[in-house]
Amino acid sequence: GGAKSDVWAQIIADVLGVAVRRPVHGDASHAAALIAAVGAGAFASEQEAIEKGVAFGPAIAPDPQRAALYDRLFDRYRRVKELMTEINHEISGG
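Residues numbered from 1 in each chain as written. Predicted model: local features only at pLDDT ≥ 70, side-chain atom pairs only at ≥ 80, totals over all residues. Heavy atoms only, no water.

**Student:** What is the right way to read a nonpolar patch on the surface from this model?
**Tutor:** Residues Val80, Leu83, Met84, Ile87 and Ile91 make up a contiguous nonpolar surface patch of about 480 Å² in total accessible area. Examined against the element boundaries, Leu83 turns out to sit in helix 4 (residues 64-91). (Patch = residues over 30% accessible without salt bridge, like charges linked within 9 Å, V, L, I, M, F, W, Y side chains within 5 Å. Areas by Shrake-Rupley, 256 points an atom, 1.4 Å probe, with all protein chains shown as cover. Salt bridge = Lys/Arg side-chain N within 4 Å of Asp/Glu carboxyl O. Helix = DSSP H or I, 4+ residues; strand = E, 2+ residues; numbered from the N terminus.)

Below is the structure:
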């Protein structure tokens, strides 16, 4: 799925402006097993389960140029949303 996509991880890093690290084995069943292990007392906390039960791949750093582009596009999106909200209000008779 998307969680395993290098492209998606890069987009997240760029939009948030932070490095992203993904688990090597990032499927839901692994997470569920770790949560069950915490519940069964195998780990003292969720943090311990993550530290001992999850291996992370290399960090994906944000690209400053793409981050700046996403910021500009988000500003444009907010302006369009404001205009559309006003137009939708007029159309609905409100």
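**Student:** It is not clear to me how the nonpolar core should be interpreted in this structure. Could you clarify?
**Tutor:** In a soluble, globular protein the nonpolar side chains are often hidden away together inside. Core analysis: the biggest nonpolar cluster contains 6 residues, these being Leu34, Ala37, Val38, Phe43, Ala49 and Val54. Excluding anything up to four places from it in sequence, Val38 contacts Phe43, Ser45, Glu46 and Ala49. (Core = buried A, V, L, I, M, F, W, Y, C linked by side-chain atoms within 4.5 Å. Buried < 20%, exposed > 50% of the residue type's maximum accessible area, 1.4 Å probe, protein only. Contact = heavy atoms within 4.5 Å.)

**Student:** Explanation requested: the environment of Pro58 in the structure shown.
**Tutor:** Within the fold, Pro58 resides in the loop between helix 3 (46-53) and helix 4. A C-alpha to C-alpha distance of 9.6 Å links Pro58 and Ala19, two positions 39 residues apart in sequence. When sequence neighbours within four positions are dropped, the list of residues in contact with Pro58 reads Val20 and Arg21.

**Student:** I keep staring at the packing of aromatic side chains and nothing clicks. Help me out?
**Tutor:** Aromatic ring pairs are reported here in terms of the distance separating the ring centres and the angle at which the planes meet. Scanning the model with the defined rule gives 1 aromatic pair in all. Between Phe74 and Tyr77, the aromatic rings sit 5.9 Å apart at their centres with planes inclined by 20°, giving stacked as the arrangement. Residue Phe74 and its partner Tyr77 are both found in helix 4; the two are separated by 3 residues, about one turn of the helix. Classification of Phe74 as partly exposed rests on a relative accessible area of 44%. Given a relative accessible area of 48%, Tyr77 falls into the partly exposed group. (Phe/Tyr/Trp six-rings, centres within 6.5 Å; stacked < 30°, edge-to-face > 60°.)

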